[in-house]
Each structure stands twice: as C-alpha cells, then as structure tokens.
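Summary of structural features
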Amino acid sequence: MASYSTGAEGSSQELLHVLAVDDSLVDRKVITGLLRKSKYRVTAVDSGKRALELLDSEPNVNMIITDYSMPEMTGYELLKKLKESSELCQIPVVIMSSENVPTRINRCLEEGAEGFLLKPVQLSDVSRLCNRVLR
C-alpha cells in the first residue's frame, strides 16, 4: 500500500503545502486532485499514524485536511494529538466526512478544527476553505 505521494507543477517553494489524510484511496485521489487544481503542493497519506510520522520528518505543512472516519485513529483523534503538540498545534486542520452529524461537526470545531467539509468535496469547497484558512 503506497503511503506517501507528493507533487505539483512548478517549484514547491512557491506553493503552500497541504497534507491530505484519508484511508480511502479514491477519496485521497479526489482531494489531492482538487488541491492541486487550486495550486497547492499536496502530500497524501492513508492514516493518522502516517500523518504524524510525516509531520515528524516534514514539519513544513501549511494545512491538514483529514477524513473523520478512519481505522486505528480517527480524524478527531488526529486533531486532538495535533492541538496537544507544541510544535504542530498552529497547523490549521480541516475535517472531512460523508456523514452530516451535527454533534460530530461541533465537537471537531470545539477541539480546534478550522472547518468541516461534507463529502463529496467539491472544488468550490476547497477553494473557499483554502482562501479563508491559508491566505
């Protein structure tokens, strides 16, 4: 199972770096494609554990977009770990889910998520969110 994928056109120095976390290969490809269309450098991983491993070696991440429902570590648990870390707590985190559960959305926002996107995520969602969070 491939765990890391990066790449975008142009120099990575000019592009803001977004970490996409989703256990679904299809959803990872969708969000990666949408972010790249919006001119972001994207690294995609398949679990919260791999996200934390990557952040240990590549702390230069401007935003994290993570799925809520993943095995081993949910997006909410990843959010909590990030917000508890003195090195990583400043990175904006956005949660994605295919389930519209208001209590879940509120809990993520209260824990420090910058936003909550419902799947299927659209280019307009990504553009609006990235403009608000990263600009």
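Preceding block: the structure.
What comes next concerns the included structure. Since this is a predicted model, take the numbers as computed values, not measurements.

**Describing the pairing of strand β5 (residues 115–118)**
In this sheet, β5 lies alongside strand β4 (residues 93–97) in parallel orientation, the contact comprising 4 bridges. Bridge assignment links serine 97 to a residue of β5, and that residue is leucine 118. Crossover handedness for the path β4 to helix α4 (residues 102–111) to β5: right-handed.

**Some details on the pairing of strand β2 (residues 41–45)**
Within β2, 5 of the 5 residues are buried, which leaves it mostly tucked inside the rest of the structure. Here β2 shows two buried faces, one formed by Arg41, Thr43 and Val45 and the other by Val42 and Ala44. Taken together, strand β1 (residues 17–21), helix α1 (residues 25–37) and β2 form a β-α-β motif whose crossover is right-handed.

Rules of the game
- Residues numbered from 1 in each chain as written.
- Predicted model: local features only at pLDDT ≥ 70, side-chain atom pairs only at ≥ 80, totals over all residues.
- Heavy atoms only, no water.
- Pairing = 2+ DSSP bridges.
- Helix = DSSP H or I, 4+ residues; strand = E, 2+ residues; numbered from the N terminus.
- Right-handed = clockwise from strand over helix to strand, strands pointing away.
- Buried < 20%, exposed > 50% of the residue type's maximum accessible area, 1.4 Å probe, protein only.

Remember that the coordinates give geometry; whether it matters functionally is a separate question.
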